[in-house]
Amino acid sequence: MTRTGPMPAEGMATDMSTPVQSEIDAEIGALHEAAAKAVAAGAPAEVHPRRDFAPYRSSVLRHPKNPLVALGDPDAVELSGPVFGVTDITELDSDLTRQHPGEPLGERITVTGRVLDRAGRPVRGQLVEIWQANASGRYAHQRDQHPAPLDPNFTGVGRCLTGDDGAYQFTTVKPGAYPWRNHLNAWRPAHIHFSLFGTAFGQRLITQMYFPGDPLFPYDPIFNSVTDERARQRLIAAYGHDLSRPEWSLGYRWDIVLDGPAATWTEAPEEDL
Amino acid sequence: MITPSQTAGPFFGYALPFAGGGEMAPAGHPDTLTVHGYVHDGAGQPVPDALLEFWQAAPDGSRTGVPGSLRRDPVTSAVIGRDGVGFTGFGRVPTDADGHWVLRTLPPPATAPYLAVCVFARGLQHHLFTRIYLGEPVGDPLLGGLPPHRRATLLAAGDGVGRYRFDVHLQGDEETVFLELS
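Residues numbered from 1 in each chain as written. Chains lettered and ligands numbered in written order. Predicted model: local features only at pLDDT ≥ 70, side-chain atom pairs only at ≥ 80, totals over all residues. Heavy atoms only, no water.

Caption draft 1: Here's a closer look at the interface of chain B and chain A. Facing the 71 residues of chain B at the interface are 78 residues of chain A. Between chain B and chain A, the buried area comes to about 6700 Å², and carbon and sulfur atoms account for 58% of it. It is B:Ile2, B:Gln6 and B:Tyr14 in chain B that bury the most area against chain A; as a group they hold 13% of the surface buried on that side. Viewed at the interface, chain A and chain B are joined by 8 salt bridges. Across the salt bridge formed by A:Asp75 and B:Arg63, the nearest N and O atoms sit 3.4 Å from each other. Remark: the boundary between chain B and chain A carries 45 residue pairs in polar contact (both at pLDDT 80 or more). Only strand S2 (50–55), strand S3 (90–94), strand S5 (114–121), strand S6 (128–133), helix H1 (141–144) and strand S10 (179–180) of chain B provide two or more residues apiece to the side of chain B that touches chain A. With 6 residues, S5(B) is the largest single contributor of residues to the side of chain B that touches chain A. Considering only residue class, the side of chain B that touches chain A consists of 39 nonpolar, 19 polar and 13 charged. In terms of strand pairing, strand S1 (residues 69–70) of chain A meets S10(B) through 2 bridges, oriented parallel. Of the residues in S10(B), the one forming a bridge with A:Val69 is B:Leu179. (Contact = heavy atoms within 4.5 Å. Buried area = accessible area lost by both parts, 1.4 Å probe. Salt bridge = Lys/Arg side-chain N within 4 Å of Asp/Glu carboxyl O. Polar contact = N/O pair within 3.5 Å; in protein donor to acceptor, adjacent residues only side chain to side chain. Helix = DSSP H or I, 4+ residues; strand = E, 2+ residues; numbered from the N terminus. Nonpolar A, V, L, I, M, F, W, Y, C, P; charged D, E, K, R; others polar. Pairing = 2+ DSSP bridges.)

Caption draft 2: Just the packing of aromatic side chains, in detail. Using the criterion set out here, one finds 20 aromatic pairs over all chains in the structure. An angle of 80° between the planes, with centres 5.6 Å apart, marks the rings of A:Phe84 and B:Phe90 as edge-to-face. Taken together, the residues A:Phe84 in the loop between S1 and strand S2 (108–116) and B:Phe90 in strand S3 connect one chain to another. Ring centres 5.8 Å apart and planes at 75° place the aromatic pair A:Tyr239 and A:Tyr252 in the edge-to-face group. Here the residue A:Tyr239 occupies a position in strand S10 (residues 238–239), and A:Tyr252 occupies one in strand S11 (residues 250–253), the gap between them amounting to 13 residues. (Phe/Tyr/Trp six-rings, centres within 6.5 Å; stacked < 30°, edge-to-face > 60°.)

Caption draft 3: Highlighting the pattern of salt bridges. Enumeration according to the criterion identifies 24 salt bridges over all chains in this entry. One salt bridge in this structure joins B:Arg163 and B:Asp159, with 3.2 Å as the shortest N-O distance. Beyond isolated ion pairs, a larger network of salt bridges with shared partners links A:Glu129, A:Arg159, A:Arg204, B:Glu53 and B:Arg92.

Caption draft 4: View of the sheet that holds strand S4 (residues 157–161) of chain A. Residue and element names in this part refer to chain A. Strands sit in the order S4-S3-S8-S9 across an open sheet of 4 strands; the sheet is antiparallel. Each edge of the sheet is formed by a strand with only one pairing partner; in this case those strands are S4 and strand S9 (205–210). When strand polarity is set aside, the average angle formed by the axes of neighbouring strands in this sheet is 20°. For strand S8 (residues 191–196) and S9, the ladder comprises 6 bridges, and the chain directions are antiparallel. Bridge pairing links Phe194 to Thr207 in S9. (Axes fitted to C-alpha atoms, helices over the stretch in contact; angles between N-to-C directions.)

Caption draft 5: Highlighting unusual backbone geometry. Positioned with a positive phi, A:Glu247 is a non-glycine residue whose angle comes to about 60°. On the basis of relative accessible area, A:Glu247 is assigned to the exposed category, the value being 82%. The residue B:Ser77 is not glycine, and still its phi comes out positive at about 75°. Tracing the backbone through its elements, the reader meets B:Ser77 in the loop between S2 and S3. (Buried < 20%, exposed > 50% of the residue type's maximum accessible area, 1.4 Å probe, protein only.)

Caption draft 6: How the structure looks around the nonpolar core. In terms of nonpolar packing, the biggest core is built from 42 residues, with A:Val77, A:Trp131, A:Tyr139, A:Phe201, B:Leu142, B:Leu154 and B:Leu179 touching the most fellow members. Elements supplying a minimum of two residues to this core: strand S3 (127–132) of chain A together with S2, S5, S6 and H1 of chain B. The element that contributes the greatest number of residues to this core is S5(B), accounting for 4 residues. Sequence-distant contacts of B:Leu142, defined by excluding residues within four places in its chain, comprise A:Val69, A:Leu71, B:Arg131, B:Tyr133, B:Leu154 and B:Leu179. (Core = buried A, V, L, I, M, F, W, Y, C linked by side-chain atoms within 4.5 Å.)

Caption draft 7: Geometry of the environment of B:Val93. Within the secondary structure, B:Val93 is located in strand S3. When the C-alpha positions of B:Val93 and B:Thr76 are compared, they lie 23 Å apart, and in sequence the two are 17 residues distant.

Caption draft 8: Up close: the state of the cysteines. All chains considered together, the criterion is met by 0 disulfides over all chains. For the unlinked cysteine A:Cys160, the closest cysteine sulfur is that of B:Cys118, found at 20 Å. (Disulfide = S-S within 2.5 Å.)

Caption draft 9: Highlighting the environment of B:Thr64. For B:Thr64, the position within the fold is in the loop between S2 and S3. According to the relative accessible area criterion, B:Thr64 is exposed, its value standing at 57%. Separated by 43 residues in the primary sequence, B:Thr64 and B:Pro107 place their C-alpha atoms 16 Å from one another. B:Thr64 has contacts with A:Gly81, A:Val83 and B:Trp55, leaving out every residue within four places of it along the chain. Here B:Ser62 takes part through its side chain, which lies 3.2 Å from a polar atom of the side chain of B:Thr64.

If you want it as structure tokens, here you go:
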């Protein structure tokens, strides 16, 4: 594959408004410190990222400033949700390495885990969708102009339905890190995007799975938009040697717990989760 | 031990949208409604990389849904569209380059006279829920608790025969009411 653009010069000059990594680091550090102080003072740890998290510059104009309105409606449609079935999925959807005539380049991996509701019950027969960059860190998307090669044998889209135990499994290649333009020399840690449904529309989730030991974690404002360290760790898959297959692939395990109420929800104490 | 949300980012467009995602109504159904609008950011600019999902009760009041929103050809894997018999209750529409989206659906029942909406976008770290009311029902617990200028953000405006307009404002003077479900 030919490159689609020039290689940027090292230390490329940008306009004065482009922040550098140290400025982003300082902003993240201050927000994390404030969040830790709030928790120390008795506030609950924040589970989700802040919608208003300025180090991720695109969030600035795309978050509401009014508080969310509590929907105390026991008859809400959001307590039920869409269903999917065998007609929505084909055989090759869960194996991203077999969707083209040839094998994609990269480190072949399997990713598996269970989708659970917040009471710990498996989410059965529901749709799991993933998308990711190829091994070089390039998405099969026109707007991704990172001068890394596309792979004609890899698109990076997968789907499956969860089993009776809530389990999903994908075979793919490990995605590469890639640059983005949030700030100068910004790089996203390698990740796979996940889209999940529960039994209720209100349990809907889109998130990202990361790989253990990534050196880019401290620099990434999206990963760090989750202010609680323990919550951040829940975005990182575990390497599972038991899931690795000899002479074939490395295995990762990542369980997903959906937030939000479902119609059949019966409250369990938080400590039991 | 809930899994945190993360933004859908800018590149979901080749993965999540599917052909016919906004065609919830069976083709040619006489009761079909068109609901459309724009997504705006806090500067009033259109958001061209948002994804809207819709869930609603069927006209007969059923909330069970049926599979087949992204029905596939098992030979080629292509999306071949809904079968036109069952009403899946689910729609998914990305915004156009000008921030516009269009949905064709059947009217929700009087018992739940709204479309539930989930908004995703680049820059939005955690999805937002809202509702589109087609008309203002009497005694609705959500609408009744809102001041008029906020309530108005949940009401679709008539836009011709069988057509409604509903804009989503992520931020700003006309900011849409977003919901906390848990």
